[in-house]
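# Report on the structure
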Amino acid sequence: MKVLVLGGAGYIGSHTVYELINDGFEVVIIDNLETGHKQAIHKDAKFYQGDLRNKEFLNDVFKQEKNIDGIIHFAANSLVGESMQNPLKYYDNNLLGTKVLLEAMLENNIKNIVFSSTAATYGEPKNIPILEDDLTEPTNTYGETKLAMEKMFKWVSKAHNLKYVSLRYFNACGAYYDGTIGEAHNPETHLIPIVLQVANGTREQINIFGDDYNTKDGTCIRDYIHVTDLAQAHILAIKYLINGGDNNIFNLGNGVGFTVKEVIETAEKVTGKHIKAVISERRAGDPAVLVASSEKAKSVLGWKPKFNSLEDIINSAWKWHRSHPNGFED
């Protein structure tokens, strides 16, 4: 089977490509390398550098790469803070890019797409754990554009018989088992890599944004899911569509929440280093608790996350960060 991975040089995209190739797929990658890394591209994948908003480029790739069975779409901007400061960038890349992609898919008769969505579509949740049919009311532009992308798939599906799966995942983390690829963003905004940068000595401290939430230690609770488990869910989802599965939406998380302070304490245990933490003001739009119910993905897709220990997750990330303190520049 042949799969096109959009954003396959990025963090989750590159891990998914590695898992697809391990599973025997033929893989084609499109990435504009705005946030992706050429060094993260698997040697056995075919790579095209270009932008999703360029339909001529997409059509050219589709002409060269015949018989694509499905697409996995990671190509979106994803920084919450940036999305609030520059919302039009997010509407341009995330929504316009997806519109152009869908046009090219229809013109080239490609009918299956798995979409990388986010827990940010829910906003401030009313229930914990969060279910797929819970209210979606995003509190930031990033979540709003991802939800709009989901709705775009829905209406195009009704009109043109496109088949899609939307995967709303929670806090992606960890690194590939052998430490060859891992998380490297600039700027880095995710908690676990920031904590490990402090342990590595490349960052002075971690700022904890608020310690007065209604949680056991006052800090925010999040659901951390290993990037390889996420990759496996994308593979199961594309197989589900290729085998005739209908449109669907799935949460991806471990179903267990950890506070910011618990993550820092676990990282100290794994690394053997003291991690300096400073309490700062709350960030606007940060929900107190985000924890997923992934029972639907387990029952429908047969998904079985392997990394359910926070210590194991951080240990895999530490293996990468310890050997690549400057990310892919190393």
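In the block above lies the structure referred to throughout.
Reference entry: report on the structure contained in this document. Keep in mind it's a predicted model, so treat the numbers as computed, not measured. (Residues numbered from 1 in each chain as written. Predicted model: local features only at pLDDT ≥ 70, side-chain atom pairs only at ≥ 80, totals over all residues. Heavy atoms only, no water.)

This paragraph deals with the packing of helix H2 (residues 55-64) against helix H4 (residues 87-107). Two elements in contact, H2 and H4, have axes separated by 10 Å at closest approach and are oriented at 35°. Crossing hand, H2 versus H4: right-handed. Along the contact surface, H2 presents Lys 55, Leu 58, Asn 59 and Phe 62, while H4 presents Val 100, Leu 101, Glu 103, Ala 104, Met 105 and Glu 107. Here the contact of H2 with H4 is composed, by residue class, of six nonpolar, one polar and three charged. (Axes fitted to C-alpha atoms, helices over the stretch in contact; angles between N-to-C directions. Helix = DSSP H or I, 4+ residues; strand = E, 2+ residues; numbered from the N terminus. Left-handed = near helix turned anticlockwise from the far one by under 90°. Contact = heavy atoms within 4.5 Å. Nonpolar A, V, L, I, M, F, W, Y, C, P; charged D, E, K, R; others polar.)

Within the largest apolar cluster, 34 residues are counted, with the highest numbers of intra-cluster contacts made by Ile 12, Leu 20, Val 27, Val 114, Val 165, Leu 167 and Leu 252. Those elements that provide at least two residues to this core are strand E1 (2-6), helix H1 (11-22), strand E2 (26-31), strand E6 (163-169), helix H7 (227-242), strand E10 (248-252) and helix H9 (295-301). Considering every element that reaches this core, the biggest residue donor is H7, with eight residues. When residues no more than four places from it in sequence are discounted, the contact partners of Ile 12 are Phe 74, Tyr 169, Ala 172, Val 227 and Leu 230. (Core = buried A, V, L, I, M, F, W, Y, C linked by side-chain atoms within 4.5 Å. Buried < 20%, exposed > 50% of the residue type's maximum accessible area, 1.4 Å probe, protein only.)

Further remarks concern the packing of H4 against helix H5 (residues 141-160). The angle between the axes and the distance between the axes are what describe a pair of packed helices. Axis separation between H4 and H5 bottoms out at 10 Å; the angle between their running directions is 20°. Put simply, H4 runs roughly parallel to H5. Read as a crossing pair, H4 and H5 show a hand that is right-handed. Between H4 and H5, the contacting residues are Pro 87, Tyr 90, Tyr 91, Asn 94, Leu 95, Thr 98, Lys 99, Leu 102 and Leu 106 on the first element and Thr 141, Tyr 142, Glu 144, Thr 145, Ala 148, Met 149, Met 152, Phe 153, Val 156 and His 160 on the second. (Parallel < 35°, antiparallel > 145°, perpendicular 65-115°, else oblique.)

Scanning the entire structure with this criterion turns up 20 salt bridges. The salt bridge involving Glu 65 is made with Lys 2; its shortest N-O contact spans 2.9 Å. Highlighted residues: Glu 65 in the loop between H2 and strand E4 (70-73) and Lys 2 in strand E1, separated in sequence by 63 residues. The salt bridge involving Lys 269 is made with Glu 311; its shortest N-O contact spans 3.1 Å. Of this pair, Lys 269 sits in helix H8 (residues 260-271) while Glu 311 sits in helix H10 (residues 310-323), and the two are 42 residues apart along the sequence. With a relative accessible area of 59%, Lys 269 lands in the exposed category. By relative accessible area, Glu 311 is classed as partly exposed at 33%. What you see here is one network of salt bridges that share partners, running through Lys 2, Glu 26, Lys 46 and Glu 65. (Salt bridge = Lys/Arg side-chain N within 4 Å of Asp/Glu carboxyl O.)

Strand order in this open sheet of seven strands is E3-E2-E1-E4-E5-E6-E10, and the pairing throughout is parallel. Each edge of the sheet is formed by a strand with only one pairing partner; in this case those strands are strand E3 (46-49) and E10. Mean inter-strand twist for the sheet, computed between neighbouring axes without regard to direction, equals 20°. Pairing of E6 with E10, which is carried by five bridges, proceeds in the parallel orientation. Bridge pairing in E10 links Val 165 to Asn 248. Relative to the sheet, H4 contacts E1, E4 and strand E5 (112-118), its axis offset from that of E4 by approximately 175°. (Pairing = 2+ DSSP bridges.)

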